[in-house]
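Take a look at the letters that make up each chain.
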Amino acid sequence: FSPDGQTMVVTLSQAGNPDLYRMDRRGRILQQLTSRAGINVSPSFSPDGRYIAFVSDRSGKPNVYVMDSNGGQAKRLTFQCPENSEPTWSPKGDEIAFTGLAAGGYQLYVMDRNGGNVRQLTSGGNYESPTWAPDGRLLAVTRKSGSRSELCVVSKTSKDIRVLFS
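Please read all numbers here as calculations on a predicted model, not as lab measurements.

Draft legend 1. Main features of the pattern of salt bridges. Taken as a whole and judged by the stated rule, the model has 8 salt bridges. Between E95 and R119 there is a salt bridge, with the nearest N and O atoms lying 2.4 Å from each other. Placement of E95 in strand β9 (residues 95-102) and of R119 in strand β11 (residues 119-120) is noted, with a sequence separation of 24 residues between them. In terms of burial, E95 and R119 fall into one category: buried.

Draft legend 2. Spatial organisation of the sheet that holds strand β3 (residues 29-32). Spatially, 3 strands are ordered β1-β2-β3 in an open sheet, and the strand pairing comes out antiparallel. The sheet terminates laterally at β1 (7-12) and β3, the two strands that pair on one side only. Here the strands of the sheet are splayed against their neighbours by 30° on average, with no regard to which way each runs. Relative to strand β2 (residues 19-24), β1 is paired through 6 bridges, and the arrangement is antiparallel. In the sheet register, V9 faces β2, and the bridge partner there is R22.

Draft legend 3. Inspection of the side chain of N40 at higher detail. The topology assignment puts N40 in strand β4 (residues 40-45). Contacts of N40, omitting those with residues within four sequence positions, involve T11, P18, D19, L20, T34, F54, V55, S56 and R58.

About the thresholds
Residues numbered from 1 in each chain as written. Predicted model: local features only at pLDDT ≥ 70, side-chain atom pairs only at ≥ 80, totals over all residues. Heavy atoms only, no water. Salt bridge = Lys/Arg side-chain N within 4 Å of Asp/Glu carboxyl O. Helix = DSSP H or I, 4+ residues; strand = E, 2+ residues; numbered from the N terminus. Buried < 20%, exposed > 50% of the residue type's maximum accessible area, 1.4 Å probe, protein only. Pairing = 2+ DSSP bridges. Axes fitted to C-alpha atoms, helices over the stretch in contact; angles between N-to-C directions. Contact = heavy atoms within 4.5 Å.

The structure is reproduced here in structure tokens:
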């Protein structure tokens, strides 16, 4: 949902490709935002509603892109890992957390809103579904190792990981 709750961006496969569409709360399509071959998934609004971060494989592998929330040219933000996914904006809108494939597992990363200053926060295991704390200092993530899953909190500055549930 957009920050004002009036619209949402969803992925639909109307013409065979998963593309992003803006819809109203009743499910009426207002605008098609992407129209490229490949996937366009996992949209995330910036807190001010002006931008959308999303995942596309238009470059050959899944990467995080950002574009104006009304559509237009998308800018690729991630280049560090062979695959990047699950973007989520920080509460202030100055950073984006995402997961990236590194050393055989998905790790948690944070970058500036323009794609600069990329920092890897985790190593080992597989980390999924990052979510920012309201104050923007911590991220909650799921860590999977074998058949075990844990809910963890990760500090964006110290790389400290605290297991909440396992």
